[in-house]
Structure formats: C-alpha cells, structure tokens
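Take a look at the letters that make up each chain.
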Amino acid sequence: MAYETVVVDETEHVGTITLDRPEAMNTFSTALAQDLDSALRDLDENDEVRAIIVAGAGDAFSAGIDLTEHGEFDSQREYRKWVGQMEAPFLTLKNMSTPVIAAAHGHAAANGIGLVAACDLAVLAEGTMLGATAPKVGLFCMGPAVPLMGSLTQKRCLELLLTGELIDAETALDWGLVNRVVPEENLEDAARTLAESMTQKSPVAVQMGKEAYYVMNDLDYETALEYSNEQFATLCTTGDANEGIDAFLSGREPEWPGE
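Conventions adopted
- Residues numbered from 1 in each chain as written.
- Predicted model: local features only at pLDDT ≥ 70, side-chain atom pairs only at ≥ 80, totals over all residues.
- Heavy atoms only, no water.
- Helix = DSSP H or I, 4+ residues; strand = E, 2+ residues; numbered from the N terminus.
- Rg over C-alpha atoms; globule rule 2.2 N^0.38 Å.
- Contact = heavy atoms within 4.5 Å.
- Areas by Shrake-Rupley, 256 points an atom, 1.4 Å probe, with all protein chains shown as cover.
- Lys, Arg positive; Asp, Glu negative; His and termini not counted.
- Charge placed at Lys NZ, Arg CZ, Asp CG, Glu CD.
- Patch = residues over 30% accessible without salt bridge, like charges linked within 9 Å, V, L, I, M, F, W, Y side chains within 5 Å.
- Salt bridge = Lys/Arg side-chain N within 4 Å of Asp/Glu carboxyl O.
- Buried < 20%, exposed > 50% of the residue type's maximum accessible area, 1.4 Å probe, protein only.
- Phe/Tyr/Trp six-rings, centres within 6.5 Å; stacked < 30°, edge-to-face > 60°.
- Polar contact = N/O pair within 3.5 Å; in protein donor to acceptor, adjacent residues only side chain to side chain.
- Core = buried A, V, L, I, M, F, W, Y, C linked by side-chain atoms within 4.5 Å.
- Pairing = 2+ DSSP bridges.
- Axes fitted to C-alpha atoms, helices over the stretch in contact; angles between N-to-C directions.

It is worth spelling out the overall build of the protein at this point. In terms of regular secondary structure, the protein is built from 10 helices and nine strands. Taking 2.2 N^0.38 as the reference for a compact globule, 259 residues should give roughly 18 Å; the C-alpha atoms of the protein span a radius of gyration of 19 Å, in line with that estimate. Dimensions of the protein, computed from C-alpha atoms along their principal axes, come out at roughly 60 × 40 × 35 Å. Across the protein, every contact between residues at least 6 apart in sequence was considered, and the portion connecting residues at least 24 apart equals 68%. Accessible surface computed for the protein: about 13,300 Å², of which carbon and sulfur atoms make up 52%. Put simply, the protein has 15 plus and 44 minus side-chain charges, and the middle of one group is 6 Å from the middle of the other.

Looking now at a nonpolar patch on the surface. Together, Phe140, Met142, Leu158 and Leu162 line one region of the surface with nonpolar side chains, adding up to about 410 Å² of accessible area. Mapping Leu158 onto the fold places it in helix α5 (residues 154-163). Assessed through its relative accessible area of 36%, Leu158 is described here as partly exposed.

According to the stated counting rule, one finds seven salt bridges in the structure shown. A salt bridge links Arg252 to Asp246, with the shortest nitrogen-to-oxygen separation between them at 2.7 Å. According to the relative accessible area criterion, Asp246 is partly exposed, its value standing at 38%. Bridged by salt links that share partners, the residues Glu243, Asp246 and Arg252 form one connected network.

On to the packing of aromatic side chains, then. Evaluation of the coordinates by the stated rule reveals four aromatic pairs. Measuring from ring centre to ring centre gives 5.5 Å for Phe73 and Trp82, while their planes differ by 35°; the resulting arrangement is tilted. As far as burial versus exposure is concerned, Phe73 and Trp82 are alike and both buried.

What follows is about the environment of Val6. Take Val6: it is sitting in strand β1 (residues 6-11). The class for Val6 is buried, based on a relative accessible area of 5%. For the pair formed by Val6 and Glu259, sequence separation is 253 residues and the distance between their alpha carbons is 31 Å. When residues no more than four places from it in sequence are discounted, the contact partners of Val6 are Ile17, Thr18, Leu19, Asp20, Asp35, Leu36 and Ala39.

Its location among the elements puts Arg50 in the loop between α1 (30-44) and β3 (51-56). For the buried residue Arg50, which engages in no salt bridge, the nearest side chain bearing the opposite charge is Glu48, 6.3 Å off. For Arg50, the side chain forms a polar contact with the main-chain oxygen of Thr199, separated by 3.0 Å. Not counting the four nearest positions on each side in its chain, Arg50 is found in contact with His13, Thr98, Pro99, Thr199, Lys201, Pro203, Gln207 and Trp256.

All right, on to the nonpolar core then. Among the nonpolar cores identified, the biggest contains 51 residues, and Ile17, Leu115, Val116, Leu130 and Leu177 are the most heavily contacted of them. For this core, the element with the highest residue contribution is α1, accounting for six residues. Dropping the residues within four chain positions of it, Leu130 is found in contact with Ala108, Ile113, Val116, Leu124, Glu165, Leu166, Ile167, Asp168, Ala169, Ala172 and Leu177. One finds Val14, Ala190, Leu194 and Met198 within the second-largest nonpolar core, a separate group that totals 15 residues.

Read across the open sheet, the three strands follow the order β5-β7-β8; overall the sheet is mixed. In this open sheet, the two edge strands, each paired with only one partner strand, are β5 (107-109) and β8 (166-168). Pairs of neighbouring strands in the sheet enclose a mean axial angle of 20°, with direction left out of account. Here β5 runs beside strand β7 (residues 129-131); their pairing, made up of three bridges, is parallel. Its bridge partner lying in β7, Ala109 is registered against Gly131. Packing of helix α3 (residues 111-118) onto the sheet brings it into contact with β5 and β7, and relative to β5 it is tilted by some 95°.

Geometry only, nothing functional implied.
Written out as structure tokens, the structure reads:
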C-alpha cells in the first residue's frame, strides 16, 4: 500500500515504518497520523511480519503534533475529531498482536514521546532528548500521558507532564522509559537485533503473549491469573507449542508452523 508520509519496508520478518516528514521534524500532521495507523494495521495483518520497528527520517524521531493545523478548526467537536486522529496509533499499538520497537533519535517530544512510550520496546540514540513539551505552547500532553502512565512511576510521569522539560536518553533509560541507549550510528542495528530476537521465537507465542500481557495489565490480580491460565491452555494446543517442545526434547532447532 502507498503512503504519503511514512515509508514501509519488510525484510526477513521485520517490518519497518519510517516517519517521513523530515522537513517538519516528523510532526504528526493528520496525514502522518492516519498513515502511521494504517501502516501499523497493515503490517499487523501480514503473516510474514513478526516484529515492527518505528523510526524517523531526518534529524528527529518526532517533535509532536503539527501545530500549523491548529488554526484550521473552531469548535470543540472539530478539535476532538482532530486529536482523536492524532492519538489513534497509540490505541492501535496496544491492541495489535505484533510487537513494536521505537527506534528514536534527535527529539521525541509531545506525541513523539507518547509514541516511544506506546511502543512495546524502545531503543534511543545517544543524545536523544525527550519531553512532554505541550505546556510550553498552552496545551497539555493528555494523549501521550496515557502510555506514559504505563511506562513510568507517577512522580516521574508527572514531572514530565507538568514541567514540559526535556530529559536526555540516559535519564529516560534510568527511569525505565526505554530499553537501550546506543550510539546513533548503531541505532538501526540495535533495533533490528532486538526485533530479530523476537522473530526467531514462536510467532504464535509472542503474539498471543503480547495480547495477553495488555489484557492482564488491566485486570485485578486474581482475574489476571485466571485469564493467564486460560490463555496458556489455549497456547498449549497450538502447532507452535507442539513443534517447539518436540524440537527442544529432540535437541534440534524448531521450524515454526505459525499456527
């Protein structure tokens, strides 16, 4: 499928979505938000794709929402529709079964930091700056706050949201917002290595496991255990489980049927 504002590639079970508005620091225009959401959905439906990387072209990952669109609307209803499109990828990322890795460099601000937090895993280039910067222009990162709340402690999250100040990559790592910080020239390789560590495993187990994680995260402890038992029992009946266990017991590499 052709997109206007993102570039999509697929190589050896890894799909890559590159935000492609470098002249605007990959800010979320309506078109970019829609393209990103569609690309995520399309790759999630592709049986050949077992992991996805989201990156940014040019000097930044994403500097937030394209504020030049703000003047196009007048009513609260119009703004509600607009911002709903901006945040749609955050919901898609949670609901899709394929794991997604953010590979961020330069700046990840406002919706950019929200995208980093919404991805399942994240790798940063050294020197990357991140922040929930919307208060600087009279707004607030309410949409990005939702995935940030799931990634940070309350005090860390509120520090970002209320101050609007930037933090560096090492601080983001220390706070638990990201998984890796690497030299910028190694960013693509580091993200791909992380992706390939998942593509080599059972696609059924990884995808069912991701889906179950986000469901269990919203349940109380006892209900989550009950749900986990049901999902594990279902997983035990799959072809991937039969192949994986047989391969392990036989001392050979598995050949995943993907079912």
